[in-house]
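# Coordinate inspection notes
These are the residues of each chain, in order.
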Amino acid sequence: METKNAILELRKSLHLSQEEFAAKLSVTRQAVSRWENGETVPNTDMLKIISQTFGVSTDYLLGHPTMLCQSCGMALNQESDKGTERDGSRSEEYCTYCYQQGRFVRDLTMEEQIESNLCNLDDWNRENGLNFSKEEAREALSKFLPTLQRWKAKD
């Protein structure tokens, strides 16, 4: 995947207009449009800002997608982040906090998963140098979680 497609996919997955996306990055809507059309590519510093602002890896933005837990959305950066299947092998789809021995650790509704994710918001904000409010994070999670495999299956 090219950077232009990664940025477009990210923006759409967050249900943000180009203007809203640009505002969060303190750039113009035209800059976002040029990135998405492949006319320009964000410089290294801007890629870092996009990564930190929206919680995606720079690898993802450069076309090397990071696997995300298909239940909670956590990045599966290391083998130890991955849950386990019945046979003990590592799950490629779910994290260790959501999935162990071939089943979900807790039988949650999507709303309960959102609230569970919000319990870690302060740590996440601190680690990423951000300041999302619970309301902002809840809104983003309400839009993002339905795109994950666990919650798509519930439709």
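Keep in mind it's a predicted model, so treat the numbers as computed, not measured. (Residues numbered from 1 in each chain as written. Predicted model: local features only at pLDDT ≥ 70, side-chain atom pairs only at ≥ 80, totals over all residues. Heavy atoms only, no water.)

### Digging into the overall build of the chain
Looking only at helices and strands, the chain features nine helices and four strands. Listed N to C, the secondary structure of the chain is α-α-α-α-α-β-β-β-β-α-α-α-α in terms of helices and strands. For 155 residues, the compact-globule formula gives about 15 Å, and the C-alpha radius of gyration of the chain, at 16 Å, lands near that figure. Across its three principal directions, the C-alpha atoms of the chain cover 50 × 30 × 30 Å. A buried classification covers 36% of the 155 residues belonging to the chain. At a minimum sequence separation of 6, the contacts of the chain that also span at least 24 residues come to 45%. When the accessible area of the chain is evaluated, it comes to approximately 9,400 Å², of which 46% is carbon and sulfur surface. Averaged over its 19 positive side-chain charges, the chain has a centre that lies 1 Å from the centre of its 25 negative ones. (Helix = DSSP H or I, 4+ residues; strand = E, 2+ residues; numbered from the N terminus. Rg over C-alpha atoms; globule rule 2.2 N^0.38 Å. Buried < 20%, exposed > 50% of the residue type's maximum accessible area, 1.4 Å probe, protein only. Contact = heavy atoms within 4.5 Å. Areas by Shrake-Rupley, 256 points an atom, 1.4 Å probe, with all protein chains shown as cover. Lys, Arg positive; Asp, Glu negative; His and termini not counted. Charge placed at Lys NZ, Arg CZ, Asp CG, Glu CD.)

### Digging into the confidence of the model for the chain
Within the chain, residue pLDDT values average 89, and 95% of them lie at 70 or more. The secondary-structure element of the chain with the lowest mean pLDDT is helix α5 (residues 58-61), recorded at 79, while strand β3 (residues 99-100) shows the highest, at 97. (pLDDT = per-residue confidence, 0-100.)

### Looking at helix α2 (residues 18-25)
Of the positions making up α2, those classed as buried are Gln18, Phe21, Ala22 and Leu25. For α2, the buried positions fall inside an angular range of 100 degrees around the axis, keeping them on one side. Among the exposed residues of α2, those pointing more than 90 degrees away from its buried face are Glu19 and Ala23. Its buried side turned inward, α2 meets α1 (3-13), α3 (29-37) and α4 (44-54). (Arc of directions from axis to C-beta.)

### Concerning α3
For α3, every residue scored as buried is listed here: Ala31, Val32, Ser33, Trp35 and Glu36. Tucked inside the fold, the buried residues of α3 contact α1, α2 and α4. Taken from the residues just after α3, Gly38 is the one with a positive phi, measuring 80 degrees.

### Quick word on the pattern of salt bridges
A side chain with one charge can pair with a side chain of the opposite charge if their charged atoms come near. On inspection of all chains with the given rule, the structure shows five salt bridges. Across the salt bridge formed by Lys82 and Glu92, the nearest N and O atoms sit 3.0 Å from each other. With Lys82 in strand β1 (residues 82-84) and Glu92 in strand β2 (residues 90-95), this residue pair connects regions lying 10 residues apart in the sequence. When its relative accessible area of 9% is taken as the criterion, Lys82 is described as buried. A salt bridge links Asp123 to Arg126; the shortest N-O distance between them is 2.5 Å. Of this pair, Asp123 and Arg126 both sit in helix α7 (residues 121-128), three residues apart, which is roughly one turn of the helix. (Salt bridge = Lys/Arg side-chain N within 4 Å of Asp/Glu carboxyl O.)

### Comments concerning unusual backbone geometry
The backbone of His15 shows a phi angle near 55 degrees, a positive value even though the residue is not glycine. Positive phi is not limited to glycine here, since Gln101 has a value of about 55 degrees. Mapped onto the elements, Gln101 comes out in the loop between β3 and β4 (103-104). For Gln101, a relative accessible area of 53% puts it in the exposed group.

### Some thoughts on the pairing of β2
Relative to β2, β1 is paired through two bridges, and the arrangement is antiparallel. Residue pairing for β2: Lys82 is matched across the bridge by Cys95. Taking the residues between adjacent antiparallel strands as the criterion, β1 and β2 are bridged by five residues, where Gly88 takes a positive phi near 95 degrees. (Pairing = 2+ DSSP bridges.)

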